[in-house]
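For reference, the chains in residue letters:
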Amino acid sequence: MKLNRQDFLISLEAVAPGLSSREIIEQSSCFVFQDGNVMTYNDEVACRHSTAFDGVGAVQAAPLLALLRKMVEDDIEVTCVDGALIVRGKRRKAGVRMEADVRLPVGEVDKPEKWQKLAPDFMEALQVVEQCASKDESCFAMVCIHVHPKFMEACDNYHAARYTLDTGFKEECLVRRDSFKHIIELGMTHFSETSNWVHFKNKAGLILSCRRDRSEYPDLSKTYK
């Protein structure tokens, strides 16, 4: 089928936050195509975006992105032939191995139901506090953003930041900074809370889901006085 190369590439790059550099779970380093969507999932982040490509299967993300970025044609032809995704342009033809069976466990991700608008300053708050989250995995709470109904905060035991706002969240939770930070530049407009995930979507139809945790966060109230 014929596709606009740039539109196809944009849809793939949009779901890149859900990729894993190594397969921590099966097909977590792949773009998975199914039901008119391209999906990624790495156990902490799940992404879903509509795509004009109607094939079904899993393709390693890195070689497919590299191929599309090197091509210069506006329009390309994409087909599935003998276990490969074949991409043809006017000047070149290349293939990437494609697994017909979809084994990415995206079914583990709760489905969002009710959406509500993000607070106008939600992204600003996240930009401010995420810089203070730790990179030291020895303390789980410190690598997370603490989202409370009335504020957002982060701390690495050296720096701390709290941004007061009505987050819209019904209950407080922790979300890994490395998962949460992806939404900053994606133009997210709405969010939804489910049992184990918080979901965000933008006007382009991208849905990015971050795993949430209900562990207790240290009381930093005295820090800000």
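Note: the structure precedes this text.
This structure is a prediction, so every number in the text was calculated from the model and none was measured.

## A short note on the overall build of the protein
Part 1 of the reasoning: Helices and strands together make up the secondary structure of the protein, namely 4 helices and 16 strands.
Part 2 of the reasoning: Dimensions of the protein, computed from the C-alpha atoms along their principal axes, are close to 65 × 35 × 30 Å.
Part 3 of the reasoning: Within the span of the protein, comprising 225 residues, buried residues form 48% of the whole.
Part 4 of the reasoning: Put simply, 59% of the contacts in the protein that link residues at least 6 apart link residues at least 24 apart.
Part 5 of the reasoning: Of the roughly 11,700 Å² of accessible surface on the protein, 46% is carried by carbon and sulfur atoms.
Part 6 of the reasoning: Across the protein, the mean location of the 30 positive side-chain charges is 4 Å away from that of the 34 negative side-chain charges.

## As for helix α1 (residues 5-14)
Part 1 of the reasoning: Every buried residue belonging to α1 is among R5, F8, L9, S11, L12 and A14, and all of these are buried.
Part 2 of the reasoning: Those residues of α1 hidden inside the fold are in contact with β1 (2-4), β2 (30-34), β3 (37-41), β4 (45-50), α2 (61-70) and β6 (75-81).
Part 3 of the reasoning: With a side-chain oxygen positioned 3.1 Å from the backbone nitrogen of Q6, the residue opening α1 is N4.

## Considering the side chain of S179
Part 1 of the reasoning: Looking at the secondary structure, you find S179 in helix α4 (residues 177-180).
Part 2 of the reasoning: Taking the relative accessible area as the measure of exposure, S179 reaches 4% and is therefore buried.
Part 3 of the reasoning: If we ignore the near neighbours within four places in the chain, the residues touching S179 are E44, V45 and C210.

## Side note on the pattern of salt bridges
Part 1 of the reasoning: Within the structure shown, the criterion is met by 13 salt bridges.
Part 2 of the reasoning: Close ionic contact of R211 with D43 constitutes a salt bridge, the shortest N to O distance being 3.2 Å. Pair noted here: R211 is in strand β16 (residues 207-211) and D43 is in the loop between β3 and β4, with a separation of 168 residues, a long-range link.
Part 3 of the reasoning: When salt bridges that share partners are traced, they join E26, R97, E99 and R103 into one network.

## Remarks on unusual backbone geometry
Part 1 of the reasoning: Here the phi dihedral of D82 falls at roughly 50°; this positive angle occurs in a residue that is not glycine.
Part 2 of the reasoning: Within the secondary structure, D82 sits in the loop between β6 and β7 (84-88).
Part 3 of the reasoning: A positive phi angle, close to 75°, is found at N157, a residue other than glycine.
Part 4 of the reasoning: For N157, the location among the structural elements is in the loop between β11 (151-155) and β12 (160-164).
Part 5 of the reasoning: Relative accessible area serves as the criterion here: at 61%, N157 is assigned to the exposed category.

## Focus: the environment of A84
Part 1 of the reasoning: In this structure, A84 sits in strand β7.
Part 2 of the reasoning: Overall, A84 belongs to the buried group, its relative accessible area being 17%.
Part 3 of the reasoning: Considering only alpha carbons, one finds A84 and A58, 26 residues apart in sequence, at a separation of 9.9 Å.
Part 4 of the reasoning: Sequence-distant contacts of A84, defined by excluding residues within four places in its chain, comprise T79, V96, R97 and M98.

## Quick notes on the packing of α1 against α2
The description of two helices packed together rests on the angle between their axes and the distance between the axes.
Part 1 of the reasoning: Where α1 contacts α2, the axes come no closer than 10 Å and their chain directions differ by 145°. Relative to α2, α1 is oriented so that their crossing is left-handed. Together, R5, F8, L9, L12 and E13 of α1 and L64, L65, L68 and R69 of α2 make up the contact between the two elements.
Part 2 of the reasoning: Grouping the constituent residues of the contact of α1 with α2 by class yields 6 nonpolar, no polar and 3 charged.

## Examining the nonpolar core
Part 1 of the reasoning: If you look at the biggest cluster of nonpolar residues, it comprises 56 residues, and the most contacted ones within it are F31, F33 and F122.
Part 2 of the reasoning: If we skip the residues at most four places from it in the chain, F31 touches L12, V15, L19, V38, M39, T40, G57, A58, V59, A61, L64 and L65.
Part 3 of the reasoning: By size, the runner-up hydrophobic cluster in this structure holds 9 residues, among which are M39, Y41, A58 and L104.

## A look at the pairing of β12
Part 1 of the reasoning: Here β12 shows a clear split, with A161 and Y163 buried on one side and none of A160, R162 and T164 buried on the other.
Part 2 of the reasoning: Here β11 folds back onto β12 in antiparallel fashion, the turn holding 4 residues, of which N157 has a positive phi close to 75°.

So, how was this worked out
Residues numbered from 1 in each chain as written. Predicted model: local features only at pLDDT ≥ 70, side-chain atom pairs only at ≥ 80, totals over all residues. Heavy atoms only, no water. Helix = DSSP H or I, 4+ residues; strand = E, 2+ residues; numbered from the N terminus. Buried < 20%, exposed > 50% of the residue type's maximum accessible area, 1.4 Å probe, protein only. Contact = heavy atoms within 4.5 Å. Areas by Shrake-Rupley, 256 points an atom, 1.4 Å probe, with all protein chains shown as cover. Lys, Arg positive; Asp, Glu negative; His and termini not counted. Charge placed at Lys NZ, Arg CZ, Asp CG, Glu CD. Polar contact = N/O pair within 3.5 Å; in protein donor to acceptor, adjacent residues only side chain to side chain. Salt bridge = Lys/Arg side-chain N within 4 Å of Asp/Glu carboxyl O. Axes fitted to C-alpha atoms, helices over the stretch in contact; angles between N-to-C directions. Left-handed = near helix turned anticlockwise from the far one by under 90°. Nonpolar A, V, L, I, M, F, W, Y, C, P; charged D, E, K, R; others polar. Core = buried A, V, L, I, M, F, W, Y, C linked by side-chain atoms within 4.5 Å. Pairing = 2+ DSSP bridges.

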